[in-house]
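# Observations on chain architecture
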Amino acid sequence: MSVKEKMLEILEGIDIRFKEPLHSYSYTKVGGEADYLVFPRNRFELVRVVKFANQEDIPWMVLGNASNIIVRDGGIRGFVILCDKLNNVSVDGYTIEAEAGANLIETTRIALRHSLTGFEFACGIPGSVGGAVFMNAGAYGGEIAHILQSCKVLTKDGEIETLSAKDLAFGYRQSAIQESGAVVLSAKFALAPGSHQIIKQEMDRLTHLRELKQPLEYPSCGSVFKRPVGHFAGQLISEAGLKGYRVGGVEVSEKHAGFMINVASGTAKDYEDLIESVIEKVKEHSGVTLEREVRILGESK
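Right, let's walk through the structure included here. None of these values were measured; they are calculated from a predicted model.

On to the packing of aromatic side chains. Given two aromatic rings, one states the distance between the centres and the angle between the planes to describe the pair. This model, assessed by the stated rule, comprises 6 aromatic pairs. Arranged with centres 4.9 Å apart and planes meeting at 55 degrees, the rings of Phe119 and Phe189 form a pair that is tilted. Taken together, the positions of Phe119 in the loop between strand 8 (116-117) and helix 4 (129-135) and Phe189 in strand 13 (residues 183-190) put the pair 70 residues apart, joining distant regions of the chain. The pair Phe119 / Phe189 is uniform in exposure class, with both members buried. Feature note: the residues Phe18, Tyr36, Phe52 and Phe79 constitute an aromatic cluster, connected by ring pairs.

Listed below in structure tokens is the structure:
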């Protein structure tokens, strides 16, 4: 029996797509094929996929909702798992529990509907709850580490564990999950009661700032670089005269130099080459070495 036949038999009922182009799913609109793209409907299907992959020695990875990543043009081998169907969000008192595939922005809106404060900073961050915990996503002075109570993870061996915020050892755009190979299944956030009107005003203010400053009308991978100590990446890039600088179909945004946008059917290689070039030119101009925040995955073509 071939691996494909065995997969269809053992993982029957699970939505698996073969040789699926990932550019259709990524925020950058770039990326080659996944050998097996999987859309589990719940954590039990996710566990089945991971255990099968481990038994058959097939590599696997969870892609979140592909917002802060660049998938290379050669695609990704093995299983690529998209968790957007694991998107249940529940509220219990002042605590919100959200599955990994829940949309982060929508989760902040649910907090607003229940007049819960603490989540406003994330009201414009694209991505999933799982990806936000993985990256310790943040904006405007807030970050996931400030509100996370605990999360359930699937270990690389296919076991489910509950971790406290302390276990995650959060740092700037970092968490212990990045090293462990585990996958976030769900997260609990500890919020506080607040005024619906004040929370909405703050979310409206932050959304307006984001729309004003960021090139949301183009495909992009979000903020490309981590904030260098004592500097802002976008400002350093702008001061080096790189706004509008282009490689292939990808260019440094004129609106916000910390973003790189796909303006003309760019490729992942265009993104990578532009990133390397910007790092080099900023180092020459200011002496500061920028560090990538965006993750680059997969194989070159």
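Having put the structure on the table, let's press on.
Let's shift gears to the pairing of strand 11 (residues 148-154). The buried fraction of strand 11 is high, at 5 of 7 residues. Here 6 bridges tie strand 11 to strand 13, and the two strands are oriented antiparallel to one another. Bridge pairing in strand 13 links Lys152 to Ser186. Strand direction decides the pairing type here: strand 11 and strand 12 (residues 160-164), joined by 5 bridges, are antiparallel. Looking across to strand 12, one finds that Leu154 is bridged to Ile160.

As enumerated under the stated definition, the model contains 18 salt bridges in all. Linked through salt bridges whose partners overlap, the residues forming this network are Lys19, Asp35, Arg77 and Glu299.

For the rest of this paragraph, the subject is the sheet that holds strand 3 (residues 60-64). Pairing between the strands of a sheet comes from backbone hydrogen bonds, and it takes one of two forms, parallel or antiparallel. Spatially, 1-2-5-3 is the arrangement adopted by the 4 strands of the open sheet, whose pairing is mixed. Each having just a single partner strand, strand 1 (15-21) and strand 3 make up the two edges of the open sheet. Averaged over all pairs of adjacent strands, the angle between strand axes in this sheet comes to 30 degrees, irrespective of strand direction. Taken together, the 4 bridges between strand 3 and strand 5 (residues 76-82) define a ladder with parallel strand orientation. Residue pairing for strand 5: Trp60 is matched across the bridge by Phe79. Sheet strands in contact with helix 1 (residues 3-10) are strand 1, strand 2 (33-39) and strand 5, and its direction is about 145 degrees off that of strand 1. The sheet contacts of helix 2 (residues 43-55) involve strand 2, strand 3 and strand 5, and relative to strand 5 the element is tilted by about 165 degrees.

Attention now goes to helix 6 (residues 196-213). The first and last C-alpha atoms of helix 6 sit 26 Å apart over 18 residues, in line with the 26 Å expected at 1.5 Å per residue. Taken residue by residue, helix 6 has Ile199, Met203, Leu206, Leu209 and Arg210 as its buried positions. Buried residues of helix 6 fall within an arc of 125 degrees about the axis and therefore sit on the same side. Among the exposed residues of helix 6, those oriented more than 90 degrees off its buried face are Gln197 and Leu212.

Overall, antiparallel pairing links the 4 strands, which are arranged 15-18-17-16 in an open sheet. Two strands bound the open sheet, and with one partner strand each, they are strand 15 (220-223) and strand 16 (246-247). Bridging between strand 16 and strand 17 (residues 250-252) involves 2 bridges; their strand directions are antiparallel. Of the residues in strand 17, the one forming a bridge with Arg246 is Glu251.

What counts, and at which threshold
Counting from 1, residues in each chain are numbered in the order their sequence is written. Under the rules for a predicted model, residues below a pLDDT of 70 receive no local features and side-chain atom pairs below 80 are neither given nor counted, while totals for whole chains, interfaces and linings still include all residues. The basis for the side-chain values is all heavy atoms of the structure; hydrogens and waters are excluded. Each pair of aromatic rings taken from Phe, Tyr and Trp, with Trp reduced to its six-membered ring, is defined by centres within 6.5 Å and is described as stacked if the planes are under 30 degrees apart, edge-to-face if over 60, and tilted in the remaining cases. Helix and strand definitions follow DSSP, with helices as H or I runs of at least four residues and strands as E runs of at least two, each counted in order from the N terminus. The classification of residues rests on relative accessible area computed with a 1.4 Å probe and restricted to protein chains. Under 20% of the type maximum is buried, over 50% is exposed, and intermediate values are partly exposed. We call two strands paired when DSSP finds no fewer than two bridges between them. Criterion for a salt bridge: a side-chain nitrogen of Lys or Arg within 4 Å of a carboxyl oxygen of Asp or Glu. Comment: axis = line fitted to C-alpha atoms, over the contacting stretch for helices; angle = value between 0 and 180 degrees taken between N-to-C directions. Residues are treated as being in contact if the distance between any of their heavy atoms lies within 4.5 Å. Take the residue count of a helix, subtract one, and multiply by 1.5 Å to get its expected span. Of all possible arcs, the one meant is that of the directions from the helix axis to the C-beta atoms.

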